[in-house]
Structures are given as structure tokens and as C-alpha cells.
Amino acid sequence: MTAEAPLYLLDTNMVSYLVNGRSQEARATLMERAGQAVIAISTITEAEVRYGLARKPGATQLHKLVNEFLANLQVLPWDSAAAAAYAALREDLSRRGRTLSALDMLIAAHALSAGAVLVSADGAFSHAMPPLRTENWAPDL
């Protein structure tokens with residue numbers, strides 16, 4: 001893979017669709033892009049996924065699937081660049097009378113700071129105007 005490989009940042013719902021197999025199109029796109037791009041999640045997404053697991057302590061198969069899935073992804077740490085992107089994004093949305101949920105705003109800011117394409121089926125991210133780039137890998141849902 002070259003240094004110019006695209007970076008895709010999966011949001012929490014997309015991770016769920018991929019792990020549970022709910023979206024066959026998302027799985028096919030992941031397999032197609034995996035060899036030619038960097039597939040990652042934000043530490044914010046990791047926290048949300050792990051919270052979901054903590055709420056289901058007896059779901060041992062789900063825990064296994066999620067942990068295997070996460071082991072094959074790059075996890076991007078939240079840093080000062082992400083914090084600066086968050087401030088700019090939140091100010092822009094506020095000025096335009098728009099909003100995202102708190103965690104979605106953090107994930108969107110992380111994608112912006114990393115120069116990543118945010119992979120999400122959540123239309124709420126359309127409020128975050130360019131330069132946030134998004135792709136929906138699960139149009140079958």
C-alpha cells in the first residue's frame with residue numbers, strides 16, 4: 001500500500017453492520033477496499049462499541065466477533081488536531097443552526113482532522129458541510 005492510500009474511518013453504526021452481517025453491501029465494500037486503503041476507527045467509536053459490549057456481558061460470541069474485527073483495524077487516537085477540528089466544526093454547525101449528537105460530532109471532527117472519508121449510513125453527517133467527506137457502504141439497509 002502506498003503512502004497515498006485513502007483512509008476510511010468507520011462510524012459506530014457501520015462497525016455494527018459489518019460485525020453482525022446486517023449489510024452485505026458494507027461487507028463487500030470493506031473486502032474490496034481493504035487491500036487498497038487504510039480502514040480505521042476513532043477511539044470514540046471504539047469506546048461506543050466497547051460500551052455496547054459491556055451492556056451485553058453474556059453475549060460471548062458477539063464479544064469474540066467484535067474483538068476479532070477491532071484487531072484488524074487501525075484505531076486512531078484522539079489528539080489535539082482532532083480537538084481543533086471539533087472546535088471549528090461545532091462553531092460552524094452552531095452558526096448555521098445545525099447540530100450533531102455529541103459523539104457524532106467528535107467522530108466527524110476526527111475524520112476531518114485525519115483527512116479521512118467517514119463511512120456511515122447516518123444522514124445526520126450531511127449537516128457537517130464539506131470538507132467532511134462521507135460514504136455509505138450500507139445502501140442495502
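Residues numbered from 1 in each chain as written. Predicted model: local features only at pLDDT ≥ 70, side-chain atom pairs only at ≥ 80, totals over all residues. Heavy atoms only, no water.

**Quick word on the pairing of strand β1 (residues 7-10)**
Step number 1: Taking every second residue as pointing to the same face, both faces of β1 are buried, with Leu-7 and Leu-9 on one and Tyr-8 and Leu-10 on the other.
Step number 2: One ladder, built from three bridges, connects β1 with strand β4 (residues 117-119); its direction is parallel. Counterpart to Leu-9 in the pairing with β4 is Leu-118. (Buried < 20%, exposed > 50% of the residue type's maximum accessible area, 1.4 Å probe, protein only. Helix = DSSP H or I, 4+ residues; strand = E, 2+ residues; numbered from the N terminus. Pairing = 2+ DSSP bridges.)

**Digging into the environment of Arg-95**
Step number 1: Residue placement: Arg-95 occurs in helix α5 (residues 80-95).
Step number 2: Within the local environment of Arg-95, its side chain forms a polar contact with the side chain of Asp-92, the two groups lying 3.0 Å apart. (Polar contact = N/O pair within 3.5 Å; in protein donor to acceptor, adjacent residues only side chain to side chain.)

**Description of the sheet that holds strand β2 (residues 38-42)**
Step number 1: Spatial strand order, β3-β2-β1-β4-β5: five strands in an open sheet with parallel pairing. If you trace the sheet from one side to the other, it starts and ends with β3 (74-76) and β5 (133-135), each paired once. Going from strand to strand, the sheet's axes swing by 35° on average, the running direction of each strand aside.
Step number 2: Here β4 runs beside β5; their pairing, made up of three bridges, is parallel. If you follow Leu-118 over to β5, its bridge partner there is Thr-134. (Axes fitted to C-alpha atoms, helices over the stretch in contact; angles between N-to-C directions.)

**A look at the pattern of salt bridges**
Step number 1: Counted under the stated rule, the structure contains seven salt bridges.
Step number 2: The residue Arg-50 makes a salt bridge to Glu-46 at a minimum N-O spacing of 2.9 Å. Placement of both Arg-50 and Glu-46 in helix α3 (residues 43-54) is noted, with a separation of four residues, approximately one turn of the helix. (Salt bridge = Lys/Arg side-chain N within 4 Å of Asp/Glu carboxyl O.)

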